[in-house]
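Each chain, written out:
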Amino acid sequence: MSELRLLLPGPVVVGRLADPGGGSEAARTRADAIQALADLYAYPDPVPETGWVRANMASTLDGAAAGPDGLSRSISSDVDRVVFSVLRGLADVVLVGAGTARAEGYGPLRPKPEFAARRLDAGQWPAPALAFVTRSGKLPDDPDLFRGPDAAWVVTCAAADVDALREKAGERVLVAGEGDVDPQVAVAQLAARGMRRVLLEGGPTLLARAAAAGRVDELCFTLTPRLAGGDAPRIAHGAPSGLLLRNAHLLECEGTLLGRWYVQRQG
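Residues numbered from 1 in each chain as written. Predicted model: local features only at pLDDT ≥ 70, side-chain atom pairs only at ≥ 80, totals over all residues. Heavy atoms only, no water.

Student: Quick rundown of the nonpolar core? Include the residues and the values.
Tutor: Grouped together as the largest cluster of nonpolar side chains are 43 residues, with contacts concentrated most on L37, Y41, L130, F132 and F146. Looking at which element gives the most residues to this core, the answer is helix 2 (residues 78–90), with 6 residues. Non-local contacts of L130, meaning those with residues more than four positions away in its chain, are made with V93, V94, Y106, G107, L109, L145, A152 and W153. Membership of the second largest hydrophobic core comes to 30 residues, among which are V133, V155, C157 and V198. (Core = buried A, V, L, I, M, F, W, Y, C linked by side-chain atoms within 4.5 Å. Buried < 20%, exposed > 50% of the residue type's maximum accessible area, 1.4 Å probe, protein only. Helix = DSSP H or I, 4+ residues; strand = E, 2+ residues; numbered from the N terminus. Contact = heavy atoms within 4.5 Å.)

Student: Account for helix 7 (residues 204–212), naming residues and giving values.
Tutor: Within the sequence span of helix 7, burial applies to P204, L206, L207, A208, A210 and A211. For helix 7, the elements touching its buried residues are strand 3 (52–60), strand 4 (93–97), strand 5 (129–133), helix 6 (183–192) and strand 8 (197–200). Once helix 7 finishes, G214 follows within two positions and takes phi at roughly 70°, a positive value.

Student: Go over the sheet that holds strand 8, please, and point to the residues and values.
Tutor: What the 11 strands build is an open sheet, ordered 2-1-10-11-9-3-8-4-5-6-7; its pairing is mixed. This sheet does not close on itself; its edge strands, each paired only once, are strand 2 (12–17) and strand 7 (173–175). In this sheet, adjacent strand axes meet at a mean angle of 25° when their direction is disregarded. Here strand 4 runs beside strand 8; their pairing, made up of 3 bridges, is parallel. (Pairing = 2+ DSSP bridges. Axes fitted to C-alpha atoms, helices over the stretch in contact; angles between N-to-C directions.)

Student: Kindly report on the packing of aromatic side chains, identifying the contributing residues and their values.
Tutor: Both the distance between ring centres and the angle between the ring planes are used here to describe each pair of aromatic rings. Considering all chains together, one arrives at 2 aromatic pairs under this definition. Each ring, one from W52 and one from Y262, has its centre 6.2 Å from the other, and the planes form 75°; the classification is edge-to-face. Here the residue W52 occupies a position in strand 3, and Y262 occupies one in strand 11 (residues 256–263), the gap between them amounting to 210 residues. Note that R54 overlies the ring of Y43, its terminal NZ or CZ placed 4.2 Å from the centroid. (Phe/Tyr/Trp six-rings, centres within 6.5 Å; stacked < 30°, edge-to-face > 60°. Lys NZ or Arg CZ within 6 Å of the ring centre and 35° of its normal.)

Student: Quick one: what's the story with the pattern of salt bridges, residue by residue and with numbers?
Tutor: One side chain can pair with another of opposite charge once the charged atoms of both are near each other. A complete count under the given rule lists 14 salt bridges for this structure. Of the charged contacts in the structure, one is a salt bridge between D39 and R118, with a shortest N-O distance of 3.0 Å. Residue D39 is found in helix 1 (residues 24–40), and its partner R118 is found in helix 4 (residues 116–121); the two are separated by 79 residues along the sequence. The salt bridge partner of R265 is D217, with a shortest N-O separation of 2.7 Å. (Salt bridge = Lys/Arg side-chain N within 4 Å of Asp/Glu carboxyl O.)

Bear in mind that shape data such as this cannot, by itself, settle questions of function.
Shown next as structure tokens:
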């Protein structure tokens, strides 16, 4: 049974991630830990009308944001996947670069029973929406992503082939910028449509651009206890930002460290 310890502030045991196949008692133990994590990672209340952007990224001890296969999931762990699920369970929208979504095999997001009551109380949809950021106009191939009332959103710029994108995604295409996607405009457009709890899942280039634009409010960061080597990018790659962050909490589970960091605003 994996013990989740809150190191800062702490130390406190938050919960235990029992094997989900370990019977009814183990299932209850795991469910209690998930709800404790949901409390720990709750969005600000009230959520700013302009939106709150939470980035979620992971790296190895030597700073690699992906494994040898180029995918972030290959440096993940059980506890990282649990927190990943919790963060999605709290969000209104998952914002992700279309290239990352294609590489990682994103599919439609489904409602999860463990978050149903919490989402209902908060006035949220049963599951978070998906929003893909693309300048090139390349989107994931899965047609189910763009069908039905829960179809994914597309965030693009005027320089892209907007008409072609609308043929695929209909009215859920948001034009946020001229020559490239402007993170400030993108988040404002999502917030204006009721998606104020934004979970930015990368990739590194999108995170760097959002941070440089001052449109990241917090970072949830997992540090996995392994070395990767190679030439994988860092969690933010490209545009410089120089953001200063302060720690809100730090969790530890079987050597994996999971932190929540708030961006410090100047002035």
